[in-house]
Each structure stands twice: as structure tokens, then as C-alpha cells.
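# Residue-level structure breakdown
Letter by letter, the chains look like this.
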Amino acid sequence: MAFMAENNSNWEAARKRGTDMSLLKANLEKTPTQRVRDHLSALELARKLRAAGEKHYARVRKTS
């Protein structure tokens, strides 16, 4: 891993407080391009979920 976060005192303090560092570590192992791609994928999912929710609640309001 290019960035050794485990040697950082803030990283260690968070770990001692019980923070699960595995996701942070996994993301730090990705390239910036991979992280942006993951972000855009999650953003697209969030947009689809919002649209589905709006469609659902629009139908619920019409029948109420």
C-alpha cells in the first residue's frame, strides 16, 4: 500500500475507538480513478432509488 495509514496517530486512535478501518484501507489501495468510478456508480444507484421512490409515492398520493 502506497500510503501507510496504519502509522498515522489519527488512524491508530480511530482504530482504538472501534472504527472498522477495513473499508478505508481498501479505498486507499484503489487509484483515484477507481475511487471516482465507484463514487459515480453509487451516485447513479442513489439517483435511481430516488426516482423509484418518487414514482412510488406519486402513485400512493393519487390513490389516497
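In this text the structure is predicted, and so the values were computed from the model without any measurement. (Residues numbered from 1 in each chain as written. Predicted model: local features only at pLDDT ≥ 70, side-chain atom pairs only at ≥ 80, totals over all residues. Heavy atoms only, no water.)

### Here's the deal with the overall build of the protein chain
- The number of helices and strands found in the protein chain is 3 helices and 0 strands.
- Helices and strands in the protein chain line up, N terminus first, as α-α-α.
- Relative to the compact-globule value of 11 Å for 64 residues, the protein chain shows a C-alpha radius of gyration of 19 Å, a clear excess of over 25%.
- With the principal axes as the frame, the protein chain shows a C-alpha extent of 60 × 30 × 10 Å.
- Across the 64 residues of the protein chain, 6% fall into the buried class.
- Per element, the accessible surface of the protein chain, about 5700 Å² overall, is 56% carbon and sulfur.
- Between the centroid of the 14 positive side chains of the protein chain and the centroid of its 7 negative side chains there is a distance of 9 Å. (Helix = DSSP H or I, 4+ residues; strand = E, 2+ residues; numbered from the N terminus. Rg over C-alpha atoms; globule rule 2.2 N^0.38 Å. Buried < 20%, exposed > 50% of the residue type's maximum accessible area, 1.4 Å probe, protein only. Areas by Shrake-Rupley, 256 points an atom, 1.4 Å probe, with all protein chains shown as cover. Lys, Arg positive; Asp, Glu negative; His and termini not counted. Charge placed at Lys NZ, Arg CZ, Asp CG, Glu CD.)

### What to know about the environment of glutamate 12
- Within the secondary structure layout, glutamate 12 lies in helix α1 (residues 9-16).
- Judged by relative accessible area, glutamate 12 falls into the partly exposed class, the value being 24%.
- Once the C-alpha coordinates of glutamate 12 and alanine 51 are considered, the two residues, 39 residues apart in sequence, prove to be 40 Å apart.
- Within the structure, glutamate 12 has its side chain in polar contact with the side chain of arginine 15 (distance 2.3 Å). (Polar contact = N/O pair within 3.5 Å; in protein donor to acceptor, adjacent residues only side chain to side chain.)

### Let's talk about the pattern of salt bridges
- Using the criterion set out here, one finds 2 salt bridges in the structure.
- Where lysine 30 meets aspartate 38, a salt bridge forms, and the shortest distance between an N and an O atom there is 2.3 Å.
- Lysine 30 sits in the partly exposed class, given a relative accessible area of 29%.
- For aspartate 38, a relative accessible area of 38% corresponds to the partly exposed category. (Salt bridge = Lys/Arg side-chain N within 4 Å of Asp/Glu carboxyl O.)

### Some words on α1
- Between the side-chain oxygen at the start of α1 and the backbone nitrogen of asparagine 10 there is a gap of 2.7 Å, and the oxygen is on asparagine 8.
- Phi turns positive one or two residues past the end of α1, at glycine 18, with a value near 100 degrees.

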